[in-house]
Amino acid sequence: MGLPVVSPFFFNTDNMKLKLAIQKSGRLHDDSMRLLKECGIDISNGVNKLKAEATNFPLEVFFLRDDDIPQYVEDGVADIGFVGENVVYEKKKKTTVVEQLGFGKCRLSIAVRKQEQYTDAGFLTGKKIATSYPVIVAAFLQEKGIEAEIHEISGSVEIAPGIGLADAICDLVSSGSTLFMNGLKEAETILRSQAVLIRNSDLSEEQLVTLNRLLFRIQSVKKARNNKYILLNAPNEKLPEIIGLLPGMKSPTVLPLAEPGWSSVHSVLNENDFWDIIEQLKAAGAEGILVVPIEKMIV
Ligand code: PRT
Ligand code: ZN
């Protein structure tokens with residue numbers, strides 16, 4: 001009489017599995033893969049395949065063109081996707097934006113020849129605008145009550161004014177160097193975009209549990225990226241002023257140094273206030289300031 005055998009497959013995880021669509025290659029691919037890695041999710045096979053299985057999380061990853069991701073998520077071929085907000089708003093599919101992912105940041109802007117006088121969107125009245133984003137541009141013109149002609153082209157939009165195809169363009173901009181090199185200037189930003197996580201509306205209870213686990217990890221990674229761990233030394237009489245400058249997760253940690261009258265102070269600083277606070281800390285008498293990246297931040 002042996003013991004009953006418990007199969008390792010006793011707990012069926014298939015119904016918890018999420019199918020995630022990410023860009024196969026392009027600007028969002030590497031950051032999407034890096035985010036999964038930082039969430040502790042190992043993807044088994046290479047990206048040359050159409051799909052890959054996570055070895056340690058109920059996730060299957062599909063590698064697709066970014067333009068197709070909203071459609072696949074609406075149809076339920078994928079349950080969730082990482083894609084630019086610009087694509088989400090242009091495609092107008094029935095999906096929900098769940099979380100901003102903090103990479104792929106850019107803006108969708110109107111640009112005109114650099115010698116033009118563009119004071120407001122009224123400039124566009126009766127003009128020809130070349131773009132790969134006809135839906136977003138039409139909504140912008142309608143909101144402004146402007147009649148203009150939209151000329152949809154799929155690539156190299158920035159050359160359109162130079163070859164006489166359009167008076168203005170609407171395209172994604174990040175550094176602005178593409179516009180500059182084509183003799184154009186950014187006239188108006190109509191959308192700020194970054195990569196987001198979108199979801200299908202019909203996920204099962206079990207899949208929602210997996211989505212929440214994934215979101216918890218993504219949020220911890222994002223928080224860690226936006227914060228730095230800081231260590232500094234300070235004379236004890238300066239501690240009240242220095243502690244007053246530091247936010248910390250609860251309050252700063254203060255430890256005595258071997259040298260009498262001195263302490264070591266540890267805290268967490270947000271990237272946005274970082275340099276301001278460092279300057280104030282130095283002015284307040286902090287010495288030996290060390291700044292360390294945080295890998296994960298669970299609050
Ligand atoms: O093959 P697939 O269809 O998947 O990829 P794709 O060629 O359509 O897209 P890809 O990889 O170029 O961009 C994917 C996503 O990255 C976009 O949908 C945006 O959400 C985001 N992103 C962020 C950008 C940029 N920054 C960006 N600068 N997408 C495109 N650009 C282009 C822009 O169109 C212009 O040609 O870069 C040029 C401008 O850059 P600057 O730095 O010169 O201003
Ligand atoms: Zn694309």
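Criteria and cut-off values
Residues numbered from 1 in each chain as written. Chains lettered and ligands numbered in written order. Predicted model: local features only at pLDDT ≥ 70, side-chain atom pairs only at ≥ 80, totals over all residues. Heavy atoms only, no water. Helix = DSSP H or I, 4+ residues; strand = E, 2+ residues; numbered from the N terminus. Rg over C-alpha atoms; globule rule 2.2 N^0.38 Å. Contact = heavy atoms within 4.5 Å. Areas by Shrake-Rupley, 256 points an atom, 1.4 Å probe, with all protein chains shown as cover. Lys, Arg positive; Asp, Glu negative; His and termini not counted. Charge placed at Lys NZ, Arg CZ, Asp CG, Glu CD. Pairing = 2+ DSSP bridges. Axes fitted to C-alpha atoms, helices over the stretch in contact; angles between N-to-C directions. Near = heavy atom within 4 Å. Polar contact = N/O pair within 3.5 Å; in protein donor to acceptor, adjacent residues only side chain to side chain. Donors = N, O, S within 2.8 Å, 3.2 Å for Na, K, Ca; no water. Tetrahedral: all angles 85-135°; square planar, octahedral: opposite > 155°, others 65-115°. Buried < 20%, exposed > 50% of the residue type's maximum accessible area, 1.4 Å probe, protein only. Arc of directions from axis to C-beta.

S.K.: Any chance you could explain the overall build of the chain here in plain terms?
M.R.: Within the chain, the secondary structure is distributed over eight helices and 15 strands. The C-alpha atoms of the chain give a radius of gyration of 25 Å, which is well past the 19 Å a tight globule of 299 residues would have. If you line up the chain on its principal axes, its C-alpha atoms span 75 × 75 × 30 Å. Taking contacts inside the chain between residues at least 6 apart in sequence as the whole, the part at least 24 apart equals 68%. Taken as a whole, the chain presents about 16,700 Å² of accessible surface, with 52% of it coming from carbon and sulfur. With 33 positive and 39 negative side-chain charges, the chain shows a spacing of 2 Å between the two charge centroids.

S.K.: How should I be thinking about the sheet that holds strand 11 (residues 195-199) in this particular structure?
M.R.: Strand pairing within a sheet occurs via backbone hydrogen bonds; the two strands may be parallel or antiparallel. Across the sheet, which stays open at both edges, the six strands sit in the order 2-3-1-4-11-5 with mixed pairing between neighbours. For this open sheet the edge positions go to strand 2 (51-53) and strand 5 (96-100), each flanked by a neighbour on one side alone. Between one strand axis and the next, the sheet turns by 30° as a mean value, whatever way the strands run. With five bridges joining them, strand 4 (residues 80-84) and strand 11 adopt antiparallel strand pairing. Directly across from glycine 84, in strand 11, lies its bridge partner alanine 195. Contacts between helix 1 (residues 29-38) and the sheet are confined to strand 1 (18-23), strand 3 (59-64) and strand 4, with strand 1 contributing the most and set at about 145° to the helix.

S.K.: Any chance you could explain the site of ligand 1 here in plain terms?
M.R.: Taken together, 22 residues form the shell around ligand 1, and within it Asp67, Asn86, Ser175, Gly176 and Thr178 come nearest. Between ligand 1 and glutamine 23 there is a distance of 2.9 Å, counted from an oxygen atom to a side-chain nitrogen or oxygen. Here an oxygen atom of ligand 1 sits 2.7 Å away from a polar atom, N or O, in the main chain of glycine 176. Compared with its free state, where it exposes 840 Å², ligand 1 has 78% of that area covered by protein.

S.K.: Would you mind going over the coordination of the zinc ion (ligand 2) with me for this structure?
M.R.: A metal bound by six donors in octahedral fashion has ideal angles of 90 or 180 degrees, whereas one bound by four tetrahedral donors has an ideal angle of 109.5 degrees. Only Asp66 (OD) and Asp67 (OD) from the protein coordinate the zinc ion (ligand 2), and they sit 1.9 to 2.1 Å from it. Viewed at the metal, the four donor atoms of the zinc ion (ligand 2) are separated by angles of 74 to 174°, and the geometry they form is irregular.

S.K.: Just to check I follow, could you spell out the pairing of strand 6 (residues 106-113) for this structure?
M.R.: Along a regular strand, successive side chains alternate from one face of the sheet to the other. Within strand 6, six of the eight residues are buried, which leaves it mostly tucked inside the rest of the structure. Bridge analysis of strand 6 against strand 10 (residues 184-193) gives eight bridges, and the strand direction is antiparallel. By the bridge assignment, cysteine 106 is partnered in strand 10 with serine 193. Two elements, strand 6 and strand 9 (residues 168-173), share six bridges in a ladder whose sense is antiparallel. The residue bridging isoleucine 110 from the neighbouring strand is cysteine 170, located in strand 9.

S.K.: Quick question: what am I supposed to make of the sheet that holds strand 15 (residues 287-293) here?
M.R.: An order of 13-14-12-15 is seen for the four strands of this open sheet, with the pairing classed as antiparallel. If you trace the sheet from one side to the other, it starts and ends with strand 13 (253-256) and strand 15, each paired once. Adjacent strand axes in the sheet meet at a mean angle of 20° when their direction is disregarded. Contacting strand 12 (227-235) and strand 14 (262-270), helix 6 (residues 205-226) runs over the sheet at an angle of about 40° to strand 12. The strands touched by helix 8 (residues 274-283) are strand 12, strand 14 and strand 15; relative to strand 15, the strand with the most contacts, the crossing angle is about 160°.

S.K.: Can you walk me through the environment of serine 154 in this structure?
M.R.: Here serine 154 is to be found in the loop between strand 8 (149-152) and strand 9. Among the residues examined, serine 154 registers a relative accessible area of 78% and is labelled exposed. Here the alpha-carbon distance between serine 154 and leucine 231, two residues 77 residues apart in the chain, equals 51 Å.

S.K.: Explain helix 8 to me, please; I cannot follow it from the model alone.
M.R.: Each α-helix turn comprises 3.6 residues. Residues three or four places apart therefore point the same way. Residues of helix 8 that are buried: Phe274, Ile277, Ile278 and Leu281. In an axial view of helix 8, the angular spread of the buried residues amounts to 105°, which keeps them on one side of the axis. Of the exposed residues in helix 8, those oriented more than 90 degrees away from the buried face are Trp275, Glu279 and Ala283. Summarising the contacts, the buried residues of helix 8 are in contact with strand 12, helix 7 (239-245), strand 14 and strand 15.

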